[in-house]
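# Structure assessment
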Amino acid sequence: MKFALLVVLAAVATGSALAKLEKADEAFLNKQLAVLKLTWRLSSPIEDPDQLAIVQSYNPLDHLSDYTNPETVKHYFEAVRDGRHQKRGEIFNLFERSHRLQMIELFETLFFIKDWDLFYKTAVAARELTNEGQFFYAFSVAIIHREEGLQLPPPYEIFPHMFTTSEVVRQAYRAKMTQIPAIISMNFTGTIRNPEQKVSYFGEDIGMNAHHSHWHMDWPFWWKEAEYGVPKDRKGELFWYMHHQLAARFDSERLSNNLADVEPLHWDKPIVEGFVPKAQYKNGFEFPSRPDNIKFQDLSFLSVNDMKQYERRIRKSIAAGFVLDDHWEKISINGTEGVNILGNLIESSANSVNPNYYGSLHNKAHIMLSRVTDPLGKFGMPPGVMEHFSTATRDPAFFRLHKYMDNLIKEHKDLLPPYTRGELELPGVSVEAVKVIGKSKASTPNLLVTYFQDFYFDLTNALDSSKNVRDVDIQAKVRRLAHEEFEYVITVNSDAEKSAVARIFLAPKLNYYGEEVTLDQLRWEVIELDKFVLKLKNGQNVIRRSSESSSVTIPDRKGYKQILKEVNDAVAGNREYYVDKKVRHCGLPEGLLIPKGKPEGMKFKLMVVITSADEDFSAEHYVESNDNSLSYCGNLGSVNPDKRPLGYPFDRPIPCGDSFRVNNIKTTEITIQNVPN
Ligand SMILES: [Cu+2]
């Protein structure tokens, strides 16, 4: 309800684009219950009597004419029946081609079913036979794209092994076997002797990992746009921008912990930071550990030289201002479309213009890092954390990898013409004042407060079940970054009624050496905090906007048991349940919106940029989007309403700060202080 209420309030506050909530009817509640049952204890056989009855009575192979793609359905269910696909209990790895192709078959089986009953029966039949990792991934992507507003439970409660340590799981087993409910503290995986431990709360945050895995479900690199009929607008650009923002956020966390910016990885240099996940897959295999200063190794199917070759081709194309498609035709990257083309070929996604030539730098770099300690598979080690989107950000090497990718895009952006003063100016509009105010009465203007607080999540799904051992309440407790809610108060004078866009950014005032840097040096470290459309009236406007309405973040996800209780209560008529048809699972967790401050306070520049909505924003696509996480997660299934390049106006070089000295851009200094809690 809190979320529902917040959305309603936020919709009133911004007066426009936010998704409207609808009261759930019985049909929706039953669907939501089905989703919950289909994500419960996926590593165990089906327990639910209704689903068991479906398994007994329904075989998709006997009903092929009900499907629009019977060939795929037939091939898929015959393959799992005959044991030709991954077995249950094995580790599903999206980066492994054979696993991915199997998963895509299941996804296509589910995705093309429009009728819910058929979808449900087919999903239950697949759940019984399919590898649980494959099933969860394919089912999740299918549910997200059904656009009914169905909620998936948070992934850390579906596969806790991917989000916590072996020690926590071991204690959870003990609690269950002794039948004593437990709250188990989960610590980050290093020790204070490791400087990286100081920022582990960021990369190891369960909400961060959930966001990252959901981003890659919303924008899968394997998505076949034409075949699926669902466009992935500016996917390559969004791929760059979301990861660019994570890299900038990580650097600001480092600064607040007195650590230098992360260095990009380099194929000829050692990977400086090691990583020990201290985690185990559900099937007992240990996630591989990596000591400090390991060098990249050739894999049996991919060499370090291949990677350098791909990098050289990409950089050559960036310098030349064009890429070569698979017919060796030149495609210019000198316009605003360039970043999208490059993002697609760096990832690479199915939209890459020439995957054979440019390779798949990002995906293969994930594999190189994941397998660096057992490059030839001599020891049969399973994939490392870098080979799953739900675990990758835990490893500091993730940010090295993305800094490296990010620098390639920077090389490209640095070649584009800077925005002129005329382009940045909005005549007749001036931002007179900007301040931020914490929600508590005692708060000081322009002083924001961060702190750490406990967060709990359910571990039931980590454990096997038996009729003889009942479930007891077992939760993990983890410290997570949070901040006091705050409000921006922006005073804007306008000479006429206008529709405008406000873009709010934050950047550390000083670099690691304590120097104040130029706007051009700062621009790549700028963090986006919010982006929204507003109506200006003639004269003075005082705009108040809550940090909770940010277009970057989503509220903490409801736990599995909470969603289940709410739905069951609604079915029993004891409460109302609201559906957000535009619900997004992708989005930075609300607690991570602003970087941690220093205990003594850390200075930041808060920059507000007001531009014309008529020129910059598509009203139609803004209304249909869920602006909860528009900045990182785009507009699912449709066009991104922001017509400007992502990161605008900080995406291009700023050789002279003069162009930014316009009345519609205002910079204010604020302080972020971290306090004990
Ligand atoms: Cu990613």
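These numbers come from a predicted model, not from an experiment.

The rules behind each value
- Residues numbered from 1 in each chain as written.
- Predicted model: local features only at pLDDT ≥ 70, side-chain atom pairs only at ≥ 80, totals over all residues.
- Heavy atoms only, no water.
- Helix = DSSP H or I, 4+ residues; strand = E, 2+ residues; numbered from the N terminus.
- Rg over C-alpha atoms; globule rule 2.2 N^0.38 Å.
- Buried < 20%, exposed > 50% of the residue type's maximum accessible area, 1.4 Å probe, protein only.
- Contact = heavy atoms within 4.5 Å.
- Domains from an automatic or database assignment.
- Pairing = 2+ DSSP bridges.
- Axes fitted to C-alpha atoms, helices over the stretch in contact; angles between N-to-C directions.
- Donors = N, O, S within 2.8 Å, 3.2 Å for Na, K, Ca; no water.
- Expected span 1.5 Å × (residues − 1).
- Arc of directions from axis to C-beta.
- pLDDT = per-residue confidence, 0-100.
- Disulfide = S-S within 2.5 Å.
- Phe/Tyr/Trp six-rings, centres within 6.5 Å; stacked < 30°, edge-to-face > 60°.

### Brief notes about the overall build of the chain
- When its secondary structure is counted, the chain shows 24 helices and 16 strands.
- Taken against the 2.2 N^0.38 rule, which gives 26 Å for 677 residues, the C-alpha radius of gyration of the chain at 25 Å falls within 12% of a compact globule.
- Referenced to the eigenvectors of the C-alpha coordinate spread, the extents of the chain come out at roughly 70 × 60 × 55 Å.
- With 677 residues in all, the chain has 62% of them scored as buried.

### Brief notes about the side chain of Lys413
- Here Lys413 lies in helix α18 (residues 396-413).
- Other than its neighbours up to four places away in sequence, Lys413 contacts Trp240, Val339, Arg523, Trp524, Pro645, Asp651 and Pro653.

### Details of the domain arrangement of the chain
- Assigned domains within the chain: domain 1 (40-151), domain 2 (195-221 + 230-413) and domain 3 (421-457 + 474-549 + 596-674).
- One C-alpha centre belongs to domain 1, the other to domain 3, and the line joining them spans 42 Å.

### Regarding the sheet that holds strand β9 (residues 498-508)
- With respect to topology, 7 strands assemble into an open sheet ordered β2-β7-β6-β16-β15-β9-β10, the strand pairing being mixed. Each end of this open sheet is capped by a strand with a single partner; those strands are β2 (182-185) and β10 (527-536). Pairs of neighbouring strands in the sheet enclose a mean axial angle of 30 degrees, with direction left out of account.
- Pairing geometry for strand β6 (residues 447-458) and strand β16 (residues 665-674), over 4 bridges, is parallel. Residue Val449 lies in a different strand from β16, and its bridge partner there is Gln673.
- Sitting on the sheet, helix α13 (residues 235-256) touches β7 (474-483), β9, β10 and β15 (602-612), and the angle it makes with β10 is about 120 degrees.

### Considerations on the coordination of the copper ion
- Protein ligation of the copper ion involves His212 (NE2), His216 (NE2) and His243 (NE2), the donor distances falling in the range 2.0 to 2.1 Å.
- Here the donor residues of the copper ion are spaced in sequence according to H-x3-H-x26-H. Placement of the pair is His212 in helix α11 (residues 206-218) and His243 in helix α13, with a sequence separation of 31 residues.

### Quick word on the pairing of β10
- A large share of β10 lies buried, amounting to 9 of its 10 residues.
- Strand direction decides the pairing type here: β9 and β10, joined by 9 bridges, are antiparallel. What sits directly across from Ser499, in β10, is Lys535.

### A closer look at helix α21 (residues 560-571)
- For α21, spanning 12 residues, the distance from its first C-alpha to its last is 17 Å, which sits close to the expected 16 Å at 1.5 Å a residue.
- Of all the positions in α21, only Tyr560, Ile563, Glu566, Val567 and Ala570 are classed as buried. Down the axis, α21 shows its buried residues gathered within 140 degrees of arc, on one side only.
- Turning to α21, the residues buried within the fold contact α2 (26-37) and α8 (155-158).
- Gly573 sits one or two residues past α21 and shows a positive phi near 80 degrees.

### Observations concerning the confidence of the model for the chain
- Averaged over all residues, the pLDDT of the chain equals 94, while 97% of them reach at least 70.
- When the criterion is pLDDT under 50, residues 1-19 qualifies, and its contacts beyond four places in sequence or with other chains add up to 30 contacts.

### Digging into the state of the cysteines
- For the coordinates displayed, the defined rule picks out 1 disulfide.
- A sulfur-sulfur distance of 2.0 Å marks the disulfide that ties Cys586 to Cys633. Taking the sign of the S-S torsion, about -80 degrees here, the bridge from Cys586 to Cys633 comes out left-handed. Separated by 47 residues along the polypeptide, Cys586 in the loop between β13 (578-580) and β14 (588-589) and Cys633 in helix α24 (residues 630-633) bring together distant segments of the chain.

### A closer look at helix α15 (residues 338-347)
- Of all 10 residues that make up α15, 10 are buried, and the element is covered over most of its length.
- What α15 keeps buried is the set Gly338, Val339, Asn340, Ile341, Leu342, Gly343, Asn344, Leu345, Ile346 and Glu347.

### Some remarks on unusual backbone geometry
- Cis geometry is adopted by the peptide bond preceding Ser348, which originates at Glu347 and carries an omega value of -20 degrees.
- Topologically, Ser348 is positioned in the loop between α15 and α16 (355-358).
- A cis amide bond links Tyr648 to the next residue, Pro649, at an omega of 5 degrees.
- Within the fold, Pro649 resides in the loop between α24 and β16.
- Unlike most non-glycine residues, Arg41 shows phi in positive territory, near 40 degrees.
- Mapping Arg41 onto the fold places it in the loop between α2 and α3 (49-57).
- For Arg234, which is not glycine, the phi torsion reads 55 degrees and is therefore positive.
- Relative to the helices and strands, Arg234 resides in the loop between α12 (225-228) and α13.

### A short note on the packing of aromatic side chains
- All chains considered together, the criterion is met by 45 aromatic pairs.
- A ring pair is formed by Trp267 and Tyr404, whose centres lie 5.8 Å apart and whose planes are at 90 degrees; its orientation type is edge-to-face. One end of the pair, Trp267, is in the loop between α13 and α14 (304-320); the other, Tyr404, is in helix α18, and 137 residues separate them in sequence. As far as the burial class goes, Trp267 and Tyr404 line up, both buried.
- The rings of Phe92, Phe107, Phe111, Phe112, Tyr137, Trp222, Trp223 and Tyr228 are connected pair by pair, giving a single aromatic cluster.

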